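# Examining the three-dimensional arrangement
Listed here are the chains, written in short residue letters.
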Amino acid sequence: MFPASRGDPVSKAGRTCRTETHGIRRQPVKLTNLLALAAVGTLVAGAAAAQGRDQIRIVGSSTVFPFSTAVAEQFGKTTDNPTPVVESTGSGGGLKLFCAGVGVEHPDITNASRRMKPSEFDLCQENGVTEITESVVGFDGIVIANAKGGPSFSLTREQIVTALAEQGPKPSTWDEVDPSLPAIAIEVLGPPPSSGTRDAFEELVMHEGCEGAGIACEGISIREDGAFVEAGENDNLIVSKLEANPNALGVFGFSFLDQNADALQGAPVDGVEPTFDNIASGDYPVSRSLYFYIKNAHVGVVPGIEEYAAEFISDAASGEDGYLVDKGLIPLPEDEFSANADAVANLKPLEKSELE
């Protein structure tokens, strides 16, 4: 069962309680006995609460969401466990929920399209989430795409920074960034700050391209005057908005481009096309690792967590010919795949030093 609440009453041992009713004196009862009974009640209540949820709860990244959902559906079909509930909350939002505490009211697993931050690790520790196992799912690219039928783009990271930096010239149209680009208004739909895709985009594009764009890198941020539109954590919503406005560009994970290849076209970045092979080889410059995190204290309490994790990291799911590859996941190299599988199988606790 989960650890008892920190809010249990504490009193001095040996103190007695004496109660009188209608002139009849009751025998003194030691408070230690009352506390013992209360403790038993707490344990029984805790066990009942633990047994109250037999369905795995997963939160986190919208990019990892379709992969996690596919694994959850396969897990539900091939085991006696109910299909896990998977929520798309964004990487930051998922980690906040995950680190809020231990108990059935808190999620068991969180997905992330970036690695956990040291500050998030500290939050987990402060709230009693002391043992966490990290799993690398595979790789993904962050693409910039628009609807087929719209203008074709080929962008450099420096051009993207010039177009979107709050500290930059704030051009109104793409041809103001570079005459070779289309003479249309700059409108980029992308994720909010709570998203791991947003974090990775800022790191891999804004911070990598700022110097070449002649813009101060310290404190660089994305402009907030309407050129960049925060479209929420639902990447499918961005896709539908691009189809409605072919001149707009969207920022999201490669898997969504791959799954909507009939409707969308990805822009080369620094001359490299956003393709499966280019991301797998490391040639595409805007790529990152995908993760999920297991709350070890929930293993053995909420049934099926280890089995779900084993399904996710299996050859059948995330291996070179796995069903997640068909959904756009870029698999890990063989040595990294094996090391990750060992860490998950042994529920290896994550150390803060690994994040710094």
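In what follows, the accompanying structure is described.

The rules behind these values
Residues numbered from 1 in each chain as written. Predicted model: local features only at pLDDT ≥ 70, side-chain atom pairs only at ≥ 80, totals over all residues. Heavy atoms only, no water. Salt bridge = Lys/Arg side-chain N within 4 Å of Asp/Glu carboxyl O. Helix = DSSP H or I, 4+ residues; strand = E, 2+ residues; numbered from the N terminus. Buried < 20%, exposed > 50% of the residue type's maximum accessible area, 1.4 Å probe, protein only. Phe/Tyr/Trp six-rings, centres within 6.5 Å; stacked < 30°, edge-to-face > 60°. Lys NZ or Arg CZ within 6 Å of the ring centre and 35° of its normal. Disulfide = S-S within 2.5 Å. Patch = residues over 30% accessible without salt bridge, like charges linked within 9 Å, V, L, I, M, F, W, Y side chains within 5 Å. Areas by Shrake-Rupley, 256 points an atom, 1.4 Å probe, with all protein chains shown as cover. Lys, Arg positive; Asp, Glu negative; His and termini not counted. Charge placed at Lys NZ, Arg CZ, Asp CG, Glu CD.

## A few points about the pattern of salt bridges
Under the definition given, this model contains 15 salt bridges. A salt bridge links Arg115 to Glu134, with the shortest nitrogen-to-oxygen separation between them at 2.9 Å. Here Arg115 is found in the loop between strand 7 (109-112) and helix 4 (118-126), whereas its partner Glu134 is found in strand 8 (residues 132-147), with 19 residues between them in sequence. Taking relative accessible area as the criterion, Arg115 reaches 30% and is therefore assigned partly exposed.

## Considerations on the packing of aromatic side chains
Taken as a whole, this structure holds five aromatic pairs when the rule is applied. Ring plane angle 15 degrees and centroid distance 6.1 Å describe the contact between Tyr291 and Tyr293, whose orientation is recorded as stacked. Here Tyr291 and Tyr293 have matching classes, each one buried. Ring pairing ties together the aromatic residues Phe75, Phe292, Tyr308 and Phe312, which thus form one cluster. Directly above the aromatic system of Phe98 lies the positively charged group of Lys295, at a separation of 4.8 Å from the ring centroid.

## Some points on the state of the cysteines
For the structure on display, the rule yields two disulfides. Put simply, Cys99 and Cys124 are joined by a disulfide, and their sulfur atoms are 2.0 Å apart. Here the S-S torsion is close to -70 degrees, and the disulfide linking Cys99 with Cys124 is therefore left-handed. Taken as a pair, Cys99 in the loop between helix 3 (91-98) and strand 7 and Cys124 in helix 4 lie far apart in primary sequence, 25 residues in all. A residue is classified by how much of its surface remains accessible, and Cys99, at 0% relative accessible area, is buried. If you count the bonded cysteines of the protein chain from the N-terminus, they pair up as 1-2, 3-4.

## Description of a negative patch on the surface
Together, Asp315, Glu320, Asp321, Asp326, Glu334, Asp335 and Glu336 give the surface a local cluster of negative charge. The element that contributes the greatest number of residues to the negative patch is helix 13 (residues 334-345), accounting for three residues. When you line up the elements, Asp326 lands in the loop between helix 12 (315-318) and helix 13.

Everything listed here is a matter of coordinates, which is why it stays silent on function.
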